[in-house]
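# Structural overview for review
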Amino acid sequence: MKNLSIGLNVLLLIAVIVLYILHFSGSSKSTSSQDGVATVNADAKIVYINMDTLLNKYTQSRELNEAFLKKLEANRTELNVKAKNLDREIAEFQHKAENGGFLTRERAEQAQTELLIKQQNLQKLQQEMSENAQREQMEINRKLYDAITNFLTDYNKSRGYQLILSTTLGGNVLFAQDGFNITNEVVNLLNAQYQKK
């Protein structure tokens, strides 16, 4: 979810830059007040969405993240079982080595090598699971981003907003008058659309 928030904040920054350029490019609709502070185009239709709220209330987001967390938990359980088995085998090897349980030194070295290979394989499996989890999280973020932006494209056809910003707790929108936050409306419509699918 952090990656989605970062991506959406980057889009927000780009949108603000574009708005800044449009505002100061000599548009006849924008004016400056006498104290030198620029005023925004009175016809501008700008709203924002709180992405934290949207992702927490959007059914598809919750379902994808719950499935992802279950998979992570299953992976953790699998790794823990394998790690405990390896720890047990290492303890058995140490006990056997201390008590002269190996017939030859070569057999002890062979057993030690086998344990090292198992340990390396376990570390490799842990790394693969971690990389797969990162890829899967990025895929979830991409799916959610695509679903939200596609929805907003259709949604905005009837609303006519010039700019739809995204923010998170402590994000870029620190204050907005009532009516600029369309998060709840978007969440409700997204969930209705998702239920139909």
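Attention here is on the structure that accompanies the text. No experiment lies behind these values; they were computed from the predicted model shown. Within every chain, residues take consecutive numbers counted from 1 along the sequence as written. With the structure being a predicted model, the display of local features is reserved for residues of pLDDT at least 70 and the display and counting of side-chain atom pairs for 80 or more, all residues being used for whole-chain, interface and lining totals. To obtain the side-chain values, all non-hydrogen atoms of the structure were used and water was disregarded.

### As for the pairing of strand β2 (residues 163-167)
Note on exposure labels: buried denotes an accessible area under 20% of the residue type's maximum, exposed denotes more than 50%, and partly exposed covers the range between, all computed with a 1.4 Å probe on protein chains only. By the criteria applied, helices consist of DSSP H or I runs no shorter than four residues and strands consist of E runs no shorter than two, each listed in order from the N terminus. Buried residues dominate β2, accounting for four of its five residues. Strand pairing is assigned whenever DSSP detects at least two bridges linking the two strands. Alignment of strand β1 (residues 46-50) against β2, held across five bridges, turns out to be parallel. Across the sheet, Ile 49 pairs through a bridge with Ser 166, a residue of β2.

### Brief notes about helix α5 (residues 183-196)
Between its first and last C-alpha atoms α5 spans 20 Å; for 14 residues at 1.5 Å apiece the expected length is 20 Å, and the two agree. Of the residues making up α5, those classed as buried are Thr 183, Val 186, Val 187, Leu 190 and Asn 191. All buried residues of α5 project into a common sector of 130° when viewed along the axis, lining one side. The outward face of α5, more than 90 degrees from its buried face, is lined by the exposed residues Asn 188, Gln 195 and Lys 196. By definition in these notes, contact holds between two residues if any of their heavy atoms fall within 4.5 Å. Packing partners of the buried residues in α5 comprise β1, α2 (51-57), α3 (59-98) and α4 (105-159). By definition here, a helix of n residues has an expected span of 1.5 Å times n minus one. It is the directions from the helix axis to the C-beta atoms whose arc is reported.

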